[in-house]
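# Structural characterization, general
Next come the chains, spelled out residue by residue.
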There are 2 protein chains.
Amino acid sequence: MSNPEASSRRPRRPTIRDVSRLSGVSHMTVSRVISTPDRVAPATRERVLEAITSLGYVPDRAAGSLSSRRSGFVALILPTLNNANFAIVARGLSEVLHRQAYQLLIAYDDYDLAAEESQLTQLLARRPEAIVLTGAVHRPGTVQKLAAAGVPVVEISDLPARPIQHAVGFSNEEVGRIAARYFIERGFAHIGAIGSRCVGDKGDYRGDTRLRGFEAELRAGGRSLDLVCRYGSAPVSFGHGAMAIGRLLDQNPDVDAVFAVSDLSAVGVVMECQRRGVLVPDDLSVMGFGDFEIGREINPALTTIHVDFYALGQRVGEHLTERALVDCNVDAVSLDVGLRIIERSSVKGKVR
Amino acid sequence: MSNPEASSRRPRRPTIRDVSRLSGVSHMTVSRVISTPDRVAPATRERVLEAITSLGYVPDRAAGSLSSRRSGFVALILPTLNNANFAIVARGLSEVLHRQAYQLLIAYDDYDLAAEESQLTQLLARRPEAIVLTGAVHRPGTVQKLAAAGVPVVEISDLPARPIQHAVGFSNEEVGRIAARYFIERGFAHIGAIGSRCVGDKGDYRGDTRLRGFEAELRAGGRSLDLVCRYGSAPVSFGHGAMAIGRLLDQNPDVDAVFAVSDLSAVGVVMECQRRGVLVPDDLSVMGFGDFEIGREINPALTTIHVDFYALGQRVGEHLTERALVDCNVDAVSLDVGLRIIERSSVKGKVR
DNA sequence: ATTCGCTATGTTACCGATCACTTAATAAGC
DNA sequence: GCTTATTAAGTGATCGGTAACATAGCGAAT
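Residues numbered from 1 in each chain as written. Chains lettered and ligands numbered in written order. Predicted model: local features only at pLDDT ≥ 70, side-chain atom pairs only at ≥ 80, totals over all residues. Heavy atoms only, no water.

Among the 24 residues in the neighbourhood of DNA strand C, the closest are listed as Thr29(A), Arg32(A), Thr44(A), Ser31(B) and Ser67(B). At 3.2 Å from a base oxygen of DNA strand C is found a side-chain nitrogen or oxygen belonging to His27(B). Among the secondary structure elements, those contributing two or more residues to the surface near DNA strand C are helix 3 (27-35) and helix 5 (61-68) of chain A together with helix 2 (16-23), helix 3 (27-35) and helix 5 (61-68) of chain B. Residues belonging to the surface near DNA strand C are distributed by class as follows: 10 nonpolar, 10 polar and four charged. (Near = heavy atom within 4 Å. Polar contact = N/O pair within 3.5 Å; in protein donor to acceptor, adjacent residues only side chain to side chain. Helix = DSSP H or I, 4+ residues; strand = E, 2+ residues; numbered from the N terminus. Nonpolar A, V, L, I, M, F, W, Y, C, P; charged D, E, K, R; others polar.)

Given below as structure tokens:
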């Protein structure tokens, strides 16, 4: 006869009290062995550690968090997992956090501000000790929840005019301006750009900011904005660039320089040009953003604007662990990690 | 004079008892409004919900987990965040899990089995209700901890000969075999392959399995294995492919077909060939694995082996939510999501 | 010798939910 | 009209840790 109780019940995991019983000390001593080992006499410590390994005891952080009111993790909301630069941010951040025994909890919202808000709601229930999220544009509900959370908030990858609290990033508008100036200074006649469209809550707002910076500089230089093309929706990638440049070339075959809001699109542009027999850079100069690896590898290699995303992630981590997480009254900080043009051969006039 | 106590102490977040006091019900009724709203009278429910919003109450899941012994999340350990196919697995999985109110906790180990074990240790302290990890090769300590965790374990992206428990994936060895047969059948004379090296705990064991399958089939066809090149370390990407094919071509200029363990390397191969004036596919045929978007966009487009990683993630989620998480005595399952060759123009003989 | 101070360890309450019961009130059945 | 279900809400214990304080033991200082 089977015993349904015994067979369906998982064996209970050992607790700190099981360890204490086995090692003949109080549960508090076990707790000390784990969190502050050098406050326990070496002999006792050894005995407890033996009991821990023999039972396979793993402390329950949910219980620990509840008691200590410290969850031990930081929440990160990214637009997407599948982007090398965001992945690098996550790595830089998590490396720094790990050193201080914080874990990073990563969520993503697929470039949707409504999803961002609902992810935040979920995360808040886990009581993160800090919240890192991407971009300067959020729903009002998101901003309100962030304020109510009472923990440090860091916006990354842009520098909001009015940050919620801390910000670590770079000026996306300046990215667009630099790109436009670069083309204007080199005497291009028909300067275009490609990006995606933001509709309602959905879209790549930082990409759009780059595009607006580009437009602003074109306007300042007395150029037409007709060749700035917002096509499709985020995330943009190779296929997006190919489609977008196809449309642009069909309508304006005389375009001689194009800025793509992402290297990934820019690579698509180069590929589509190859297929159409449009020579890059002789017929069309191309510039991207983000310095993705693929841009270095294609032929011609892509001129782009580089941001040190690894350092960005690290800075966020350092700011949190050294300041914001230590003293919750620390002043809000905005940190610019800067930009760097990387000239390669996809723009005419630059020889390499 | 400042009051250090009041200024440095964060305002305590409202608890379920604050809500109950404000709405004049017991804390248990508040709990019911949140978890089983239709077991509460509509009028009461409304009153409680009002109190919840007016206080900005967010339930504390750490407390809930402790009490209910259900953490509400599933842990996923990936080799890296920065890989489109792993990102897609995560998406498929998290979409299914979200429908059942599970959250996905993502960790990554940079292709390092020691890091995998330490990530697992961290995760275990958060009491995941299931653990999903990549690949068939793990450290003994990892396997032992998984067994002791007493929760469903799913290995993905390969089909271990002896799975720990459940497995959802495909045969990496078969991938290599298919690639080799494809080349052999088409009459190539000097067939090579490129991948990376596994050293100690570090490396791409699935990629290496593909390479071993490739070698096995070459051997079966009486071919030499001299052109199978293990170069560098995981993760492999564009630059890896370019370097590896450079070496291979330098040493064996007569190679006429090459399989790369990843499309990303394969793209690097194509790019390096362009730079060297080696024509693809006329001089060298190239085949990849993974059907990454970039492979579709380059010229010539890349022949590859496709795995439906989105479905893979979904299957894992469905298996967990429908079976393994419901009944902890469910039989271990191995599920093959299959493979599909996608013929494009990077292999000679195939016209498109 | 007494006090003080320090170290190692123990005791108890508590963090904020949910579970398992209990109770009160209302509806249904005969 | 009385018993029995059924529904709505409440009570108290508990999950597994940590905080805060208490205590015992022992060497150094007075």
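All right, on to the interface of chain B and chain A then. Chain B puts 57 residues into the contact, and the matching count from chain A is 57 residues. The interface formed by chain B and chain A contains six salt bridges. Between Arg275(B) and Glu297(A) there is a salt bridge, and its shortest N-O distance comes to 3.0 Å. Counting every contact that joins chain B to chain A gives 28 residue pairs in polar contact (both at pLDDT 80 or more). When residues of the side of chain B that touches chain A are assigned to their parent elements, the largest contribution, six residues, is made by helix 6 (residues 84-99) of chain B. A class-by-class count of the residues in the side of chain B that touches chain A yields 26 nonpolar, 18 polar and 13 charged. (Contact = heavy atoms within 4.5 Å. Salt bridge = Lys/Arg side-chain N within 4 Å of Asp/Glu carboxyl O.)

All right, on to the domain arrangement of chain A then. Residues and elements named next belong to chain A. Per the domain assignment, the segments of chain A are domain 1 (4-59), domain 2 (70-170 + 309-340) and domain 3 (172-306). Relative placement of domain 2 and domain 3: their C-alpha centres are 28 Å apart. With both chains or domains summed, domain 2 and domain 3 bury close to 1600 Å², and 58% of this area falls on carbon and sulfur atoms. One salt bridge connects Arg-139 with Asp-201, and the closest N-O pair in it is separated by 2.9 Å. Viewed at the interface, domain 3 and domain 2 are joined by eight residue pairs in polar contact (both at pLDDT 80 or more). Put simply, the parts of the chain that give the side of domain 2 that touches domain 3 at least two residues each are helix 6 (84-99) and helix 7 (113-124). Split into classes, the residues belonging to the side of domain 2 that touches domain 3 amount to nine nonpolar, six polar and four charged. (Domains from an automatic or database assignment. Buried area = accessible area lost by both parts, 1.4 Å probe.)

Counting 104 residues, the largest nonpolar core has Phe183(A), Phe214(A), Phe259(A), Phe183(B), Phe214(B) and Phe259(B) as its most contacted members. Excluding its chain neighbours within four sequence positions, the residues that come into contact with Phe259(A) are Val175(A), Gly176(A), Ala179(A), Phe183(A), Gly192(A), Ala193(A), Ile194(A), Arg210(A), Phe214(A), Met287(A), Gly288(A) and Phe289(A). Ranked by size, the runner-up nonpolar core spans 56 residues in total, among them Phe292(A), Ala260(B), Leu284(B) and Val286(B). (Core = buried A, V, L, I, M, F, W, Y, C linked by side-chain atoms within 4.5 Å. Buried < 20%, exposed > 50% of the residue type's maximum accessible area, 1.4 Å probe, protein only.)

We now examine the protein's contact with DNA strand D. Near DNA strand D lie 25 residues; those nearest to it are Ser31(A), Ser67(A), Thr29(B), Arg32(B) and Thr44(B). Here DNA strand D approaches the protein such that, of its atoms within 4 Å, sugar and phosphate make up 55%. Arg17(A) is positioned with one of its side-chain polar atoms (N or O) 2.7 Å from a base nitrogen of DNA strand D. With respect to DNA strand D, the side chain of Thr44(B) contributes an N or O atom lying 2.4 Å from a phosphate oxygen. Class assignment for the residues of the surface near DNA strand D results in 11 nonpolar, 10 polar and four charged.

Let us look at the sheet that holds strand 11 (residues 334-336) of chain A. Residues and elements named next belong to chain A. Ordered by their spatial adjacency, six strands build an open sheet running 2-1-3-4-5-11, and the pairing between neighbours is parallel. In the strand order of this sheet, the two ends are held by strand 2 (103-108) and strand 11, each with one partner. For this sheet the average axis-to-axis angle between neighbouring strands, irrespective of direction, equals 15°. Alignment of strand 4 (residues 153-156) against strand 5 (residues 166-169), held across three bridges, turns out to be parallel. Note on strand 5: the bridge partner recorded for Ile-156 is Val-168. (Pairing = 2+ DSSP bridges. Axes fitted to C-alpha atoms, helices over the stretch in contact; angles between N-to-C directions.)

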